[in-house]
Amino acid sequence: DAGITQSPRHKVTETGTPVTLRCHQTENHRYMYWYRQDPGHGLRLIHYSYGVKDTDKGEVSDGYSVSRSKTEDFLLTLESATSSQTSVYFCAISESGGPYNEQFFGPGTRLTVL
Amino acid sequence: GENVEQHPSTLSVQEGDSAVIKCTYSDSASNYFPWYKQELGKRPQLIIDIRSNVGEKKDQRIAVTLNKTAKHFSLHITETQPEDSAVYFCAASPWGSNYKLTFGKGTLLTVNP
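Owing to the predicted nature of the structure, the values given are computational and were not obtained by experimental measurement.

Peer 1: Sorry if this is basic, but what is going on with the overall build of chain A here?
Peer 2: Along chain A, the regular secondary structure elements total zero helices and eleven strands. When its helices and strands are written in sequence order, chain A yields β-β-β-β-β-β-β-β-β-β-β. The C-alpha radius of gyration computed for chain A amounts to 13 Å, which stays within 12% of the reference 13 Å derived for 114 residues, consistent with globular compactness. Its C-alpha atoms put chain A at 40 × 30 × 25 Å along the principal axes. For chain A, buried positions account for 48% of its 114 residues. A total of about 5200 Å² of accessible surface is found on chain A, and carbon and sulfur atoms cover 46% of it.

Peer 1: I keep staring at the sheet that holds strand S8 (residues 73-78) of chain A and nothing clicks. Help me out?
Peer 2: Hydrogen bonding along the main chain pairs the strands of a sheet, whether they run parallel or antiparallel. Residue and element names in this part refer to chain A. The antiparallel open sheet is built from four strands, whose spatial order is S1-S3-S8-S7. Edge positions in the open sheet fall to strand S1 (4-7) and strand S7 (64-70), since each of these has one partner strand only. In this sheet, neighbouring strand axes are inclined to one another by 20 degrees on average, regardless of whether the strands run parallel or antiparallel. In this structure, strand S3 (residues 19-25) lies alongside S8, joined through six bridges in antiparallel fashion. What sits directly across from Thr20, in S8, is Thr77.

Peer 1: Any chance you could explain the interface of chain A and chain B here in plain terms?
Peer 2: A common way to state how big an interface is: give the accessible area lost once the parts meet. Taken together, the contact between chain A and chain B spans 27 residues of the former and 23 residues of the latter. Of the roughly 2200 Å² buried where chain A meets chain B, counting both sides, 53% is carbon and sulfur surface. Scanning the region where chain A abuts chain B turns up one salt bridge. Between A:Glu102 and B:Arg51 there is a salt bridge, with its nearest N and O atoms 3.6 Å apart. In this assembly, chain A and chain B are joined by four residue pairs in polar contact (both at pLDDT 80 or more).

Peer 1: Looking at this structure, how should I read the packing of aromatic side chains?
Peer 2: Two numbers describe a pair of aromatic rings. These are the distance of the centres and the angle of the planes. Evaluated as defined, the whole model comprises 17 aromatic pairs over all chains. What links up through ring pairs into an aromatic cluster is the set A:Tyr33, A:Tyr35, A:Tyr48, A:Tyr50, A:Phe90, A:Phe105, B:Tyr36, B:Phe89 and B:Phe103.

Peer 1: I'm lost on the state of the cysteines in this one. Help?
Peer 2: In protein chemistry, a disulfide is the covalent bond that joins the sulfur atoms of two cysteines. Enumeration according to the criterion identifies two disulfides over all chains in this entry. The partner cysteine of A:Cys23 in its disulfide is A:Cys91, sulfur to sulfur 1.9 Å. Between A:Cys23 and A:Cys91, the disulfide has an S-S torsion of -70 degrees and is therefore left-handed. Here the residue A:Cys23 occupies a position in strand S3, and A:Cys91 occupies one in strand S9 (residues 87-94), the gap between them amounting to 68 residues. Two residues share a disulfide in this structure: B:Cys23 and B:Cys90, whose sulfurs sit 1.9 Å from each other. On the sign convention where negative is left-handed, the bridge of B:Cys23 and B:Cys90, at about -100 degrees about the S-S bond, is left-handed. Of the two residues, B:Cys23 sits in strand S3 (residues 19-25) while B:Cys90 sits in strand S9 (residues 86-94), which places them 67 residues apart along the sequence.

Peer 1: I'm lost on the sheet that holds S3(B) in this one. Help?
Peer 2: All names here are of chain B. Across the sheet, five strands lie side by side as S1-S3-S8-S7-S6; this open sheet has antiparallel pairing. Edge positions in the open sheet fall to strand S1 (4-7) and strand S6 (56-59), since each of these has one partner strand only. The sheet shows a mean angle of 15 degrees between the axes of neighbouring strands, taken without regard to direction. Where S1 meets S3, four bridges bridge the pair, whose relative direction is antiparallel.

Peer 1: Would you take a moment to explain the nonpolar core for this structure?
Peer 2: Inside soluble globular proteins, nonpolar side chains tend to come together where they are buried. Of all hydrophobic cores here, the largest spans 23 residues; its most connected members are B:Trp35, B:Phe73, B:Leu75 and B:Leu109. Elements with a minimum of two residues in this core: strand S2 (10-14), S3, strand S4 (30-38), strand S5 (45-51), strand S7 (62-67), strand S8 (72-77), S9 and strand S11 (107-112) of chain B. In terms of nonpolar packing, the next biggest core, distinct from the first, is built from 19 residues, A:Leu21, A:Val60, A:Leu76 and A:Leu111 among them.

Peer 1: It is not clear to me how the pairing of strand S6 (residues 54-57) of chain A should be interpreted in this structure. Could you clarify?
Peer 2: Side-chain positions along a regular strand alternate between the two faces of the sheet. One ladder, built from four bridges, connects strand S5 (residues 42-51) of chain A with S6(A); its direction is antiparallel. If you follow A:Ser49 over to S6(A), its bridge partner there is A:Thr55.

Peer 1: Is there a simple way to think about the pattern of salt bridges in this case?
Peer 2: For side chains bearing opposite charge, pairing can occur when the charged atoms are close. Taken as a whole and assessed by the stated rule, the structure comprises nine salt bridges over all chains. The partner of B:Lys37 in a salt bridge is B:Glu39, with the nearest N and O atoms 3.6 Å apart. A residue is classified by how much of its surface remains accessible, and B:Lys37, at 16% relative accessible area, is buried. In this structure B:Glu39 comes out as partly exposed when scored by relative accessible area, which is 36%. If you follow the salt bridges from partner to partner, you end up with A:Glu102, B:Asp49, B:Arg51 and B:Lys57 in one network.

The rules behind each value
Residues numbered from 1 in each chain as written. Chains lettered and ligands numbered in written order. Predicted model: local features only at pLDDT ≥ 70, side-chain atom pairs only at ≥ 80, totals over all residues. Heavy atoms only, no water. Helix = DSSP H or I, 4+ residues; strand = E, 2+ residues; numbered from the N terminus. Rg over C-alpha atoms; globule rule 2.2 N^0.38 Å. Buried < 20%, exposed > 50% of the residue type's maximum accessible area, 1.4 Å probe, protein only. Areas by Shrake-Rupley, 256 points an atom, 1.4 Å probe, with all protein chains shown as cover. Pairing = 2+ DSSP bridges. Axes fitted to C-alpha atoms, helices over the stretch in contact; angles between N-to-C directions. Contact = heavy atoms within 4.5 Å. Buried area = accessible area lost by both parts, 1.4 Å probe. Salt bridge = Lys/Arg side-chain N within 4 Å of Asp/Glu carboxyl O. Polar contact = N/O pair within 3.5 Å; in protein donor to acceptor, adjacent residues only side chain to side chain. Phe/Tyr/Trp six-rings, centres within 6.5 Å; stacked < 30°, edge-to-face > 60°. Disulfide = S-S within 2.5 Å. Core = buried A, V, L, I, M, F, W, Y, C linked by side-chain atoms within 4.5 Å.

No statement about biological role is implied by the geometric values presented.
The structure is reproduced here in C-alpha coordinates:
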(Lines give C-alpha, C1' and ligand atoms only; values in the text may rest on other atoms or scores of the structure.)
Protein backbone atom coordinates (compact mmCIF):
# COMPACT_ATOMS: atom_id res chain seq x y z
CA ASP A 1 0.00 0.00 0.00
CA ALA A 2 1.10 3.56 -0.73
CA GLY A 3 2.24 5.49 2.34
CA ILE A 4 -1.14 6.88 3.34
CA THR A 5 -2.53 6.95 6.86
CA GLN A 6 -5.77 8.33 8.20
CA SER A 7 -6.63 9.33 11.72
CA PRO A 8 -8.66 8.59 13.63
CA ARG A 9 -9.73 5.25 12.16
CA HIS A 10 -12.99 5.26 14.08
CA LYS A 11 -14.89 8.10 15.70
CA VAL A 12 -18.27 8.49 17.36
CA THR A 13 -19.47 12.02 17.95
CA GLU A 14 -22.64 13.92 18.66
CA THR A 15 -24.68 16.14 16.39
CA GLY A 16 -23.45 19.72 16.38
CA THR A 17 -19.86 19.02 17.38
CA PRO A 18 -16.89 19.86 15.15
CA VAL A 19 -14.85 16.98 13.77
CA THR A 20 -11.51 16.96 11.96
CA LEU A 21 -10.17 14.00 10.04
CA ARG A 22 -6.54 13.81 9.02
CA CYS A 23 -4.90 12.28 5.98
CA HIS A 24 -1.13 11.93 6.02
CA GLN A 25 1.05 10.77 3.12
CA THR A 26 4.73 9.98 2.85
CA GLU A 27 4.81 9.77 -0.98
CA ASN A 28 5.22 13.51 -1.66
CA HIS A 29 2.29 13.35 -4.11
CA ARG A 30 0.81 16.63 -5.26
CA TYR A 31 -2.87 15.66 -5.39
CA MET A 32 -5.01 14.61 -2.44
CA TYR A 33 -8.72 13.81 -2.31
CA TRP A 34 -11.43 13.22 0.27
CA TYR A 35 -14.29 10.84 -0.53
CA ARG A 36 -17.23 9.55 1.43
CA GLN A 37 -18.63 6.07 0.91
CA ASP A 38 -22.26 5.24 1.62
CA PRO A 39 -24.28 2.14 0.73
CA GLY A 40 -25.88 2.53 -2.68
CA HIS A 41 -23.84 5.62 -3.54
CA GLY A 42 -20.36 4.34 -4.16
CA LEU A 43 -17.53 6.80 -3.59
CA ARG A 44 -18.32 10.50 -3.87
CA LEU A 45 -15.75 13.27 -3.96
CA ILE A 46 -16.03 15.85 -1.17
CA HIS A 47 -13.01 18.12 -1.73
CA TYR A 48 -9.62 17.80 -3.30
CA SER A 49 -6.26 19.54 -3.30
CA TYR A 50 -3.91 20.13 -6.22
CA GLY A 51 -1.12 21.63 -4.14
CA VAL A 52 -0.31 23.26 -0.83
CA LYS A 53 -3.07 25.77 -0.03
CA ASP A 54 -4.82 24.90 -3.33
CA THR A 55 -8.16 23.21 -2.84
CA ASP A 56 -11.48 22.89 -4.66
CA LYS A 57 -14.93 21.45 -4.12
CA GLY A 58 -16.19 18.07 -5.22
CA GLU A 59 -19.74 16.92 -5.79
CA VAL A 60 -20.81 16.68 -2.11
CA SER A 61 -18.93 19.54 -0.42
CA ASP A 62 -21.77 21.14 1.59
CA GLY A 63 -21.04 20.99 5.34
CA TYR A 64 -17.33 20.20 4.83
CA SER A 65 -14.18 22.29 4.66
CA VAL A 66 -10.56 21.31 4.01
CA SER A 67 -7.10 22.66 4.53
CA ARG A 68 -3.67 21.75 3.27
CA SER A 69 -0.81 23.69 4.84
CA LYS A 70 1.91 21.21 3.84
CA THR A 71 2.31 18.57 1.17
CA GLU A 72 1.89 15.58 3.44
CA ASP A 73 -1.28 16.55 5.31
CA PHE A 74 -4.85 17.11 4.12
CA LEU A 75 -7.47 17.85 6.76
CA LEU A 76 -11.23 17.44 6.41
CA THR A 77 -13.40 19.37 8.88
CA LEU A 78 -17.07 18.97 9.65
CA GLU A 79 -17.85 22.30 11.29
CA SER A 80 -21.06 21.05 12.92
CA ALA A 81 -21.58 17.34 12.41
CA THR A 82 -25.01 16.04 11.39
CA SER A 83 -26.36 12.48 11.30
CA SER A 84 -26.32 12.59 7.48
CA GLN A 85 -22.53 12.81 7.68
CA THR A 86 -22.30 9.36 9.23
CA SER A 87 -20.17 7.58 6.67
CA VAL A 88 -16.84 6.00 5.86
CA TYR A 89 -14.34 8.62 4.73
CA PHE A 90 -11.45 7.76 2.44
CA CYS A 91 -8.49 9.87 1.52
CA ALA A 92 -6.67 9.26 -1.77
CA ILE A 93 -3.46 10.54 -3.30
CA SER A 94 -2.22 10.94 -6.85
CA GLU A 95 1.15 11.87 -8.26
CA SER A 96 1.46 14.88 -10.52
CA GLY A 97 2.51 14.81 -14.15
CA GLY A 98 1.26 13.13 -17.32
CA PRO A 99 -2.21 12.84 -18.79
CA TYR A 100 -3.25 9.96 -16.50
CA ASN A 101 -2.76 9.42 -12.80
CA GLU A 102 -3.65 6.52 -10.59
CA GLN A 103 -5.27 7.27 -7.25
CA PHE A 104 -4.34 5.27 -4.18
CA PHE A 105 -6.56 5.12 -1.14
CA GLY A 106 -5.93 5.32 2.57
CA PRO A 107 -7.43 2.82 5.05
CA GLY A 108 -10.53 4.92 5.77
CA THR A 109 -12.17 6.52 8.81
CA ARG A 110 -15.54 5.31 10.04
CA LEU A 111 -17.46 8.26 11.47
CA THR A 112 -20.71 7.90 13.38
CA VAL A 113 -22.71 11.01 14.27
CA LEU A 114 -25.34 10.37 16.95
CA GLY B 1 -19.97 17.04 -14.77
CA GLU B 2 -19.18 13.41 -15.43
CA ASN B 3 -21.77 10.74 -14.67
CA VAL B 4 -20.91 7.03 -14.48
CA GLU B 5 -23.52 4.26 -14.52
CA GLN B 6 -22.51 0.74 -13.48
CA HIS B 7 -24.35 -2.55 -14.00
CA PRO B 8 -25.24 -4.94 -12.54
CA SER B 9 -25.35 -3.90 -8.89
CA THR B 10 -25.01 -7.54 -7.80
CA LEU B 11 -23.58 -10.53 -9.64
CA SER B 12 -23.38 -14.12 -8.48
CA VAL B 13 -21.36 -16.71 -10.42
CA GLN B 14 -20.05 -20.22 -9.91
CA GLU B 15 -16.34 -20.72 -9.37
CA GLY B 16 -14.63 -21.06 -12.74
CA ASP B 17 -17.23 -19.05 -14.63
CA SER B 18 -16.62 -15.63 -16.15
CA ALA B 19 -17.96 -12.34 -14.79
CA VAL B 20 -18.61 -9.15 -16.72
CA ILE B 21 -19.32 -5.71 -15.24
CA LYS B 22 -20.29 -2.83 -17.49
CA CYS B 23 -20.05 0.94 -17.10
CA THR B 24 -21.13 3.90 -19.18
CA TYR B 25 -19.91 7.47 -18.90
CA SER B 26 -21.25 10.79 -20.10
CA ASP B 27 -18.29 13.15 -20.58
CA SER B 28 -16.55 12.68 -23.90
CA ALA B 29 -13.47 14.37 -22.39
CA SER B 30 -12.88 11.39 -20.07
CA ASN B 31 -9.63 9.68 -20.95
CA TYR B 32 -8.79 7.45 -17.98
CA PHE B 33 -10.88 4.56 -16.67
CA PRO B 34 -9.69 2.67 -13.58
CA TRP B 35 -11.28 -0.28 -11.85
CA TYR B 36 -11.08 -0.78 -8.10
CA LYS B 37 -11.73 -3.86 -5.97
CA GLN B 38 -12.89 -3.42 -2.41
CA GLU B 39 -13.04 -6.30 0.02
CA LEU B 40 -15.26 -6.04 3.06
CA GLY B 41 -13.91 -3.51 5.55
CA LYS B 42 -10.90 -2.66 3.37
CA ARG B 43 -9.82 0.22 1.19
CA PRO B 44 -10.48 0.28 -2.57
CA GLN B 45 -7.52 -1.19 -4.44
CA LEU B 46 -6.69 -0.35 -8.05
CA ILE B 47 -6.69 -3.60 -10.03
CA ILE B 48 -6.50 -2.42 -13.63
CA ASP B 49 -7.01 0.70 -15.69
CA ILE B 50 -7.36 1.65 -19.33
CA ARG B 51 -6.47 4.84 -21.10
CA SER B 52 -8.42 6.36 -23.97
CA ASN B 53 -5.76 5.57 -26.55
CA VAL B 54 -6.26 1.79 -26.25
CA GLY B 55 -9.28 -0.44 -26.71
CA GLU B 56 -8.35 -3.40 -24.53
CA LYS B 57 -5.95 -4.32 -21.77
CA LYS B 58 -5.32 -7.67 -20.07
CA ASP B 59 -3.64 -8.68 -16.85
CA GLN B 60 -3.77 -12.42 -16.21
CA ARG B 61 -7.47 -13.28 -15.55
CA ILE B 62 -8.65 -9.68 -15.76
CA ALA B 63 -9.34 -7.66 -18.90
CA VAL B 64 -10.90 -4.29 -19.60
CA THR B 65 -12.37 -3.06 -22.85
CA LEU B 66 -13.21 0.49 -23.88
CA ASN B 67 -15.58 1.70 -26.58
CA LYS B 68 -15.13 5.48 -26.82
CA THR B 69 -17.78 5.90 -29.48
CA ALA B 70 -20.44 4.31 -27.31
CA LYS B 71 -18.90 5.70 -24.09
CA HIS B 72 -18.80 2.40 -22.30
CA PHE B 73 -16.16 0.20 -20.76
CA SER B 74 -16.26 -3.24 -19.19
CA LEU B 75 -14.38 -5.43 -16.75
CA HIS B 76 -14.03 -9.12 -17.58
CA ILE B 77 -12.87 -11.67 -15.02
CA THR B 78 -12.25 -15.20 -16.28
CA GLU B 79 -11.93 -18.42 -14.28
CA THR B 80 -13.37 -16.76 -11.21
CA GLN B 81 -12.21 -17.83 -7.77
CA PRO B 82 -13.79 -17.32 -4.33
CA GLU B 83 -11.15 -14.69 -3.54
CA ASP B 84 -12.55 -12.60 -6.40
CA SER B 85 -15.63 -11.99 -4.26
CA ALA B 86 -15.72 -8.26 -3.48
CA VAL B 87 -17.29 -4.98 -4.56
CA TYR B 88 -15.93 -3.66 -7.83
CA PHE B 89 -16.05 0.02 -8.80
CA CYS B 90 -15.50 1.59 -12.17
CA ALA B 91 -14.52 5.24 -12.52
CA ALA B 92 -13.86 7.85 -15.17
CA SER B 93 -11.60 10.90 -15.20
CA PRO B 94 -11.98 13.74 -17.69
CA TRP B 95 -8.89 15.31 -19.18
CA GLY B 96 -7.98 18.56 -17.39
CA SER B 97 -10.02 17.78 -14.26
CA ASN B 98 -7.05 17.57 -11.86
CA TYR B 99 -7.37 13.80 -12.17
CA LYS B 100 -10.72 13.80 -10.39
CA LEU B 101 -12.50 10.46 -10.51
CA THR B 102 -16.25 9.94 -10.79
CA PHE B 103 -17.21 6.48 -9.58
CA GLY B 104 -19.99 4.11 -10.46
CA LYS B 105 -22.06 2.82 -7.55
CA GLY B 106 -20.37 -0.53 -7.44
CA THR B 107 -21.04 -4.20 -8.20
CA LEU B 108 -21.07 -6.83 -5.48
CA LEU B 109 -19.54 -9.94 -7.02
CA THR B 110 -20.06 -13.23 -5.23
CA VAL B 111 -18.19 -16.30 -6.45
CA ASN B 112 -19.77 -19.49 -5.14
CA PRO B 113 -17.46 -22.49 -4.59
